[in-house]
Amino acid sequence: MAEAAPRAPRAAAAAAARRSSPQRRPSAAGGGPRRTSGQAPFPAAFRWVRVLLLVTAVVVGLPLAHAMFGEVVALLGGATVLGFLVGRWTAPGG
């Protein structure tokens, strides 16, 4: 019984704080755009722009990094940067 006594006032205080806090109602003016459907926030053509950017980075960026910094930096840097980009672009959620 001695263990239950200290917990009861804390639970009652937390419940009272929840009751006394004002409820926030969503307003039409604030909050930003709301998506009602499951569509992406960008057009489908933007996906091809990202693919073009990735291909350009591989075709131009890797040989340029190889010429300027060497093979090890080009391989490790390319794997890191391109892996990061592909990971971010294919990550689930928002």
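Residues numbered from 1 in each chain as written. Predicted model: local features only at pLDDT ≥ 70, side-chain atom pairs only at ≥ 80, totals over all residues. Heavy atoms only, no water.

### Side note on the overall build of the chain
- Regarding its fold elements, the chain presents three helices and zero strands.
- Ordered by position from N to C terminus, the α and β elements of the chain give α-α-α.
- In the chain, buried positions account for 4% of the 94 residues.
- Entry remark: accessible area of the chain is about 8400 Å², with carbon and sulfur atoms responsible for 66%. (Helix = DSSP H or I, 4+ residues; strand = E, 2+ residues; numbered from the N terminus. Buried < 20%, exposed > 50% of the residue type's maximum accessible area, 1.4 Å probe, protein only. Areas by Shrake-Rupley, 256 points an atom, 1.4 Å probe, with all protein chains shown as cover.)

### As for the packing of helix H2 (residues 44–69) against helix H3 (residues 71–89)
- Following both chains from N to C, one finds H2 and H3 inclined at 165°, their axes separated by 8 Å at the closest point. With respect to H3, the axis of H2 lies roughly antiparallel. The handedness of the crossing between H2 and H3 is right-handed. Only Glu71, Val73, Ala74, Gly78, Leu82, Val86 and Trp89 of H3 make contact with H2, whose side of the interface consists of Arg50, Leu53, Leu54, Ala57, Val58, Leu62, Ala65, His66 and Phe69.
- In terms of residue class, the contact of H2 with H3 is built from 12 nonpolar, two polar and two charged. (Axes fitted to C-alpha atoms, helices over the stretch in contact; angles between N-to-C directions. Parallel < 35°, antiparallel > 145°, perpendicular 65-115°, else oblique. Left-handed = near helix turned anticlockwise from the far one by under 90°. Contact = heavy atoms within 4.5 Å. Nonpolar A, V, L, I, M, F, W, Y, C, P; charged D, E, K, R; others polar.)

### Quick look at the confidence of the model for the chain
- Of all residues in the chain, 54% have pLDDT values of 70 or greater, and the mean over the chain is 75.
- Mean pLDDT per element in the chain: helix H1 (residues 4–20) is the minimum at 60, and H3 is the maximum at 90. (pLDDT = per-residue confidence, 0-100.)

### A look at a nonpolar patch on the surface
- A cluster of nonpolar side chains, Trp48, Val51, Val55, Val58, Val59 and Val60, forms an exposed patch at the surface whose accessible area comes to about 570 Å².
- The topology assignment puts Val51 in helix H2.
- When its relative accessible area of 38% is taken as the criterion, Val51 is described as partly exposed. (Patch = residues over 30% accessible without salt bridge, like charges linked within 9 Å, V, L, I, M, F, W, Y side chains within 5 Å. Salt bridge = Lys/Arg side-chain N within 4 Å of Asp/Glu carboxyl O.)

### Things to note about the environment of Leu54
- Tracing the backbone through its elements, the reader meets Leu54 in helix H2.
- Each C-alpha atom, one on Leu54 and one on Val86, is 8.4 Å from the other, the two residues being 32 residues apart in sequence.
- In this structure Leu54 touches Leu82, Val86 and Trp89, once residues within four positions along its chain are discounted.

### Some words on H2
- Between the first and last C-alpha of H2 there are 36 Å, a value that for 26 residues agrees with the 38 Å anticipated at 1.5 Å per step.
- Where H2 terminates, the next one or two residues include Gly70, which has phi positive at roughly 110°. (Expected span 1.5 Å × (residues − 1).)

### What about the environment of Ala57?
- Tracing the sequence through the fold places Ala57 in helix H2.
- For Ala57, a relative accessible area of 28% puts it in the partly exposed group.
- Along the backbone, Ala57 and Leu82 are 25 residues apart, and their C-alpha atoms lie at a distance of 8.1 Å.
- The residues touching Ala57, leaving out its near neighbours within four places in the chain, are Leu62 and Leu82.

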